[in-house]
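Here are the chains, one letter per residue:
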Amino acid sequence: MSQPPLLPASAETRKFTRGLSKPGTAAELRQSVSEVVRGSVLLAKPKLIEPLDYENVIVQKKTQILNDCLREMLLFPYDDFQTALLRRQDRYQRSTVPPNALQDAQSLFVTECIKTYNSDWHLVNYKYEDYSGEFRQLPNKMAKLDKLPVHVYEVDEEVDKDEDAASLGSQKGGITKHGWLYKGNMNSAISVTMRSFKRRFFHLIQLGDGSYNLNFYKDEKISKEPKGSIFLDSCMGVVQNNKVRRFAFELKMQDKSSYLLAADSEVEMEEWITILNKILQLNFEAVMQEKRNGDSHEDDEQSKLEGSGSGIDSYLPELAKSAREAEIKLKSESRVKLFYLDPDAQKLDFSSAEPEVKPFEEKFGKRILVKCNDLSFNLQCCVAENEEGPTTNVEPFFVTLSLFDVKCNRKISADFHVDLNHFSVRQMLATTSPSLRNGDRQSLPAPLGILHEASMQYPKQIFSVTCPHPDIFLVARIEKVLGSITHGAEPYMKSSDSSKVAQKVLKNAKQACQRLGQYRMPFAWAARTLFKDASGNLDKSARFSALYKQDSNKLSNEDMLKLLADFRKPEKMAKLPVILGNLDITIDNVSSDFPNYVNSSYIPTKQFETCTKMPITFEVEEFVPCIPKHTQPYTIYNNHLYVYPKSLKYDSQKSFAKARNIAICIEFKDSDEEDSKPLKCIYGRPGGPLFTESAFAAVLHHHQNPEFYDEIKIELPTQLHEKHHLLFTFFHVSCDNSNKGSTKKKDVVETQVGYSWLPLLKDGRVVTSEQHIPVSANLPSGYLGFQEHGMGRHYGPEIKWVDGSKPLLKVSTHLVSTVYTQDQHLHNFFQYCQKTESGAQALGSELVKYLKSLHAMEGHVMIAFLPTILNQLFRVLTRATQEEVAVNVTRVIIHVVAQCHEEGLEGHLRSYVKYAYKAEPYIASEYKTVHEELTKSMTTILKPSADFLTSNKLLKYSWFFFEVLIKSMAQHLIENSKVKLLRNQRFPASYHHAVETVVTMLMPHITQKYRDNPDASKNANHSLAVFIKRCFTFMDRGFVFKQINNYISCFAPGDPKTLFEYKFEFLRVVCNHEHYIPLNLPMPFGKGRIQRYQDLQLDYALTDEFCRNHFLVGLLLREVGAALQEFREVRVIAISVLKNLLIKHSFDDRYASRSHQARIATLYLPLFGLLIENVQRINVRDVSPFPVNPGSTVKEESLTLPAVNPLVTPQKSGGTLDTSLHKDLFGAISGIGNADSDLFLASCTQKVSLIQS
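Looking up the chain in an unreviewed UniProt entry gives the name Dedicator of cytokinesis 9, with the organism given as Bos mutus grunniens. Of the chain, the UniProt comment under Sequence similarities (unreviewed entry) reads exactly: "Belongs to the DOCK family."

Chemist: Please explain the overall build of the chain as it appears in this structure.
Modeler: Of regular secondary structure, the chain possesses 37 helices and 37 strands. Expressed as a percentage of its 1253 residues, the buried residues of the chain come to 51%. Once local pairs closer than 6 in sequence are excluded, the contacts in the chain between residues at least 24 apart make up 76%. Accessible surface computed for the chain: about 60600 Å², of which carbon and sulfur atoms make up 51%.

Chemist: Would you mind showing me how to read the packing of helix α16 (residues 824-837) against helix α17 (residues 844-853) here?
Modeler: In helix packing, the relevant descriptors are the interaxial angle and the interaxial distance, both defined with respect to the helix axes. One can describe the packing of α16 onto α17 by two numbers: an axis separation of 9 Å at closest approach and a directional angle of 155 degrees. Taken together, the axes of α16 and α17 are roughly antiparallel relative to one another. Judged by the sense of rotation from one axis to the other, the crossing of α16 with α17 is left-handed. Across the interface between the two elements, His-825, Asn-828, Phe-829 and Tyr-832 from α16 touch Glu-846, Leu-847, Tyr-850, Leu-851 and Ser-853 from α17. Across the contact of α16 with α17, the residue classes break down as five nonpolar, three polar and one charged.

Chemist: Is there a simple way to explain the environment of Pro-77 in this structure?
Modeler: For Pro-77, the position within the fold is in the loop between α4 (62-67) and β1 (81-86). We classify Pro-77 as partly exposed; its relative accessible area is 22%. The sequence separation of Pro-77 and Lys-127 amounts to 50 residues, and the corresponding C-alpha distance is 9.4 Å. Beyond its immediate chain neighbours, meaning those up to four positions away, Pro-77 contacts Tyr-128 and His-1075.

Chemist: Help me understand the sheet that holds strand β22 (residues 597-598), please; the structure alone is not making it clear to me.
Modeler: Within a sheet, adjacent strands bond to each other through the backbone by hydrogen bonds, running parallel or antiparallel. Read from one edge of the open sheet, five strands run β21-β10-β16-β23-β22, paired in mixed fashion. Every interior strand has two partners, whereas the edge strands, β21 (581-589) and β22, have only one. Of the strand pairs in this sheet, β22 and strand β23 (residues 617-619) are connected by two bridges, and their pairing is parallel. Residue pairing across strands places Tyr-597 opposite Thr-617, the latter belonging to β23.

Chemist: I would appreciate a short explanation of the side chain of Asp-415 in the present structure.
Modeler: Among the structural elements, Asp-415 can be located in the loop between β14 (410-411) and β15 (416-418). Taking the relative accessible area as the measure of exposure, Asp-415 reaches 14% and is therefore buried. A distance of 3.0 Å separates the side chain of Asp-415 from the side chain of Lys-411, its partner in a polar contact. Residue contacts for Asp-415: discarding those within four places in its chain leaves Thr-400, Leu-401, Ser-402 and Glu-711.

Chemist: Which parts of the structure should I look at to understand the pattern of salt bridges?
Modeler: Two side chains carrying opposite charge are able to pair once their charged atoms lie near each other. Taken as a whole, this structure holds 36 salt bridges when the rule is applied. We note a salt bridge from Arg-1068 to Glu-1065, for which the minimum N-O separation is 2.8 Å. Here Arg-1068 pairs with Glu-1065, and both are found in helix α28 (residues 1057-1071), just three residues apart, close to one helical turn. Judged by relative accessible area, which is 15%, Arg-1068 ranks as buried. Sharing partners across several salt bridges, the network here consists of Glu-112, Lys-115, Arg-875, Arg-879 and Glu-920.

Chemist: Would you mind showing me how to read the sheet that holds strand β4 (residues 198-206) here?
Modeler: Spatial strand order, β6-β5-β4-β3-β9-β8-β7: seven strands in an open sheet with antiparallel pairing. The strands lining the two open edges of the sheet, one partner per strand, are β6 (228-231) and β7 (235-240). Between one strand axis and the next, the sheet turns by 35 degrees as a mean value, whatever way the strands run. By the bridge criterion, five bridges tie strand β8 (residues 248-253) to strand β9 (residues 258-262) in an arrangement that is antiparallel. Residue pairing for β9: Ala-248 is matched across the bridge by Ala-262.

Chemist: So what exactly am I meant to see when it comes to the side chain of Asp-1036 here?
Modeler: Mapping Asp-1036 onto the fold places it in the loop between α26 (1014-1034) and α27 (1037-1048). No salt bridge is formed by the buried Asp-1036; the nearest opposite charge belongs to Arg-1037, separated by 6.4 Å. Only 2.9 Å separates the side chain of Asp-1036 from the backbone nitrogen of Gly-1038, close enough to count as a polar contact. Ignoring sequence-local partners within four residues, the contact set of Asp-1036 consists of Glu-55, Arg-983, Asn-984 and His-992.

Chemist: How do you make sense of the pairing of strand β37 (residues 809-817) when you look at a structure like this?
Modeler: The buried count for β37 comes to seven of nine residues, which makes it a mostly enclosed element. As paired elements, strand β24 (residues 639-648) and β37 share nine bridges and run antiparallel to each other. Following the sheet pairing, His-640 is matched in β37 by Val-816. As defined by bridge partners, strand β34 (residues 771-773) adjoins β37 across three bridges and the pair is classed as antiparallel. Of the residues in β37, the one forming a bridge with His-772 is Lys-810.

Chemist: Hey, could you run me through the pairing of strand β3 (residues 177-183) in this one?
Modeler: If a strand is regular, its side chains alternate between the two faces of the sheet. Where β3 meets β4, seven bridges bridge the pair, whose relative direction is antiparallel. Its bridge partner being in β4, Tyr-182 is matched across the sheet by Arg-199. The sheet contact formed by β3 and β9 spans two bridges and is antiparallel. Its bridge partner being in β9, Tyr-182 is matched across the sheet by Ala-262.

Chemist: Sorry if this is basic, but what is going on with the nonpolar core here?
Modeler: Taken as a class, soluble globular proteins show a tendency for nonpolar side chains to be buried jointly. Core analysis: the biggest nonpolar cluster contains 202 residues, and Phe-728, Phe-874, Phe-960 and Ile-1044 have the highest contact counts within it. Broken down by element, the residue count for this core peaks at eleven residues, all from helix α20 (residues 883-902). In this structure Ile-1044 touches Ile-1028, Phe-1032, Phe-1066, Val-1070, Phe-1111, Leu-1112 and Leu-1115, once residues within four positions along its chain are discounted. If you look at the next biggest cluster of nonpolar residues, it comprises 73 residues, including Leu-403, Val-481, Ala-502 and Ile-616.

Chemist: Would you take a moment to explain helix α19 (residues 866-879) for this structure?
Modeler: The terminal C-alpha atoms of α19, which comprises 14 residues, lie 20 Å apart, in line with the 20 Å expected from a rise of 1.5 Å per residue. Of all 14 residues in α19, twelve are buried, a share of seventy percent or more.

Quick notes on the rules
- Residues numbered from 1 in each chain as written.
- Predicted model: local features only at pLDDT ≥ 70, side-chain atom pairs only at ≥ 80, totals over all residues.
- Heavy atoms only, no water.
- UniProt positions renumbered as here; feature names shortened; annotations may be inferred.
- Helix = DSSP H or I, 4+ residues; strand = E, 2+ residues; numbered from the N terminus.
- Buried < 20%, exposed > 50% of the residue type's maximum accessible area, 1.4 Å probe, protein only.
- Contact = heavy atoms within 4.5 Å.
- Areas by Shrake-Rupley, 256 points an atom, 1.4 Å probe, with all protein chains shown as cover.
- Axes fitted to C-alpha atoms, helices over the stretch in contact; angles between N-to-C directions.
- Parallel < 35°, antiparallel > 145°, perpendicular 65-115°, else oblique.
- Left-handed = near helix turned anticlockwise from the far one by under 90°.
- Nonpolar A, V, L, I, M, F, W, Y, C, P; charged D, E, K, R; others polar.
- Pairing = 2+ DSSP bridges.
- Polar contact = N/O pair within 3.5 Å; in protein donor to acceptor, adjacent residues only side chain to side chain.
- Salt bridge = Lys/Arg side-chain N within 4 Å of Asp/Glu carboxyl O.
- Lys, Arg positive; Asp, Glu negative; His and termini not counted.
- Core = buried A, V, L, I, M, F, W, Y, C linked by side-chain atoms within 4.5 Å.
- Expected span 1.5 Å × (residues − 1).

Right, here's the structure in full:
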């Protein structure tokens, strides 16, 4: 032989040798050897078998199907799926959206947000979805078996009788029972009544000859002679009889008499009836056995038996019926399905189960209940004029609580104001003018109508912390009525308890309260830790620190954070001046059923009792960190603005003669006209109204450059416009009280020393960054219109600026809103959409620009407004007129979906698809459907020329897009009444083509990228399988069969193990369809007249005709047959899929009857052909009915039968099976033989499982 032909073989040998020399496990070595061997042989793909046209077959064979006694196994149910509306459930008594909010809203973004929070949940319910998973997820699955029940067989009983007839008495093996019953008097002359029943103790006993007696006694001493006996061998039947007494049953005897007995309960009655019927059945069988063996008896015995036989014949029908019923009940109760013996059936493996999906709901962090008990100082006395009353603090104090996070260096909650003053101390402020208290305007806003102002004045509070850790502090800031911090604090810092000092302070306090009662000044602060650890365990033992005097130069939140950073350093805290007093505040956990509380917008929860006099608990708003993983999609309406005046630099101003003790009044206005009134939307403080028109910041005594730490909370209107602004009015407060009696001096307590304003909107968004704004000495009408043009020119009214229009006021705002966004890109996108919807011509290039900018959207904003954003994107998708727009919309959706997954928040996406997504009403002339447009866009993105990063994300998270397609299809069919049409008319040909194209474009990514991008290809494969499975519910089923064929055609023998895993995962998911049996049409397909199964010559091989008519099962068996020729790991995968499917058939309660199981078995007849073809792989020792001598020299070798080429469709090979096998199988399948179809399926599975050599 010449040298050249040897070169390829030599190369293959070297490759083989290299493969063998690689280190690895034995399994890897075998796989590599198998791959090398297969690589040297040219393997051809098996030919695809075209499936039947399912819809046409259903129509053509309609008569045959309707006449089939098991037609429910051939037809899909009519009520297979439906759409449903689920009412949105939240924790509030009413909607959080204000009544007229939707009418007031003009912005598209605000409108869509409100619609999101008002909308109910839109569901698609699949009636039989519980049957669409694996067998472990089936409903009504029996519990795990601990052990099999013990069965007693007749042959064993006969042996026992022969050995010792006497021992068959009531002690060994015989049936026995005892208990109290009521025995009725059945004298024919007296009618049976309740009174005629007598309580007796009954004892069922078996005699030595095997017959049973039912003895009854007066008491439980059965050793005595019984009062009477009922001979059960003369009993014809036991039936329930409730005519005279409850729980009664009747024993009918041969002589037409009867015994009426009654139990104490239904359970006892049923137990007695069951046991007595079981004995009658045994008696009947014994008599019949004796009758059959009558020839062996002598003549006199024979005649005697015949005489008794005539008696048997007289009640044979009733007794036989009773015996059959008892037998059926006994079997149904005690019989165990064979598949329960399979080890896999006992494993609790729910890895393939879909995650539970819940609707969006309002979620909180660790919730803490804060109870404010007392604030007391060492300086105390009685404040009443007549000195009658309790000893209290000598002046009113006001506490503000908030949370600070030292670790993150930020304030993490809103302020909460508490009034702990005694009633007599509060009276010191009662003379304050109502106009100064800001409560002069009428009534509460409409949403608060059910709340009583009085009950809201001094509430408890609930704080929430999303990220608990030990460096979070509860801080209390204490204020008093305006005065000098230094002089006001001195008396409280001395330890001497002087009543004279107290009286002096009280006198000054009363004067200050009367004159300056509305003005506050900083006084002291204290802090305490909240948590022991990062798990959120409360540090209940901790107490508030000493009360430290407030330094007027360290007021800001930044200064407070610096102080708290040194809180655990005693050497630094010891340097701070201490005020002698104690703040008693306790903390506790919040129970789920905590009563009587309102949220941060004063909306009462469902546990709220309207008429109660109990104090109300208030939820304090948490400032959740702007991090995606800590963000939840918004579910309620909330629209708050927090305003923080920071500082005022007034030391250089020349406009006013006096400008010290500066107070800032904050108002929220919607107009700059001269007579415009401020809006009553500022949250009030304890003791005052719920909402006020204005709020004052704390005043620093004798400071020209004051700092502030106050927080003003504002309820924003639903729709903001350009005129909405904050107005700051500055007052010089005169603290001089030298002329006590002069009313003129009272009139000049406050002098206006400037104005400043901050428009709330800039470029359509709420201003939230820190602002430095100038101060004006006057406030002309139309002041918002002032615009500086430079060179001394301006537009608008004449304004006199303080200090040359320098930015003297520093102020910041914080927006907590679920209807306004701070993200510029999101705002611009919605603004452009609104512009085009209002009639402006939409430019594709412009819209694409805004869509691309959404990729820069902040992650936490994306999560917070997730449903609203996705709804708008899908709306734009259906209205897109250019492919570029549709593709860019899909790219943005891919980006959003990927971001959610990367943050571990895919649960939000599942909630959106299942509950929130709702396809818009379909108008053929105007809009397109989401499923059509999304399918086309996915096809474009999956093209090889497209951006590979985007296509990889689409593959990896493809489940979302396929789920949207499924829900869109379902809603489209229901809402447009297309579900009533024939399957092939429900969707246009263009959509069928689009689906087919998606499958075609997806396959190269699955089969070629599994090494480079395993997660993406694996996820795409599974998602495609779920989509194809659900398409059976909506689409032409023959078309779906073709898509499965298209999928299978992309795989070949000799593929790597990963591709086999993908293929069988796909088949596993598809074959788990809830109507898998009807999809396979288990019915005769013979020509001519309608045939019965008894008339059929059954096949045991995978013929082309079988695979065509029963497509899914034929395909699965073909693929399993091919996999059995592969290496062990592939065989195990294939066998597992097939076995689990057979187990599912057995456990499915829809097909529990013998006839159903028999019909299912017809689909798996070719499994015997597979067993015969692969018999060489079955270990002899495992399947031989005879024991193999372990000492013999026979080795564990495979049977040496010729292998069958798995690539050629096997032809009918019924001749290889003997007649008895055919008879038993036919009997099992037709339901008329002795074999059991459950046994058939189980035995097939057992033998296939052995093919693992």
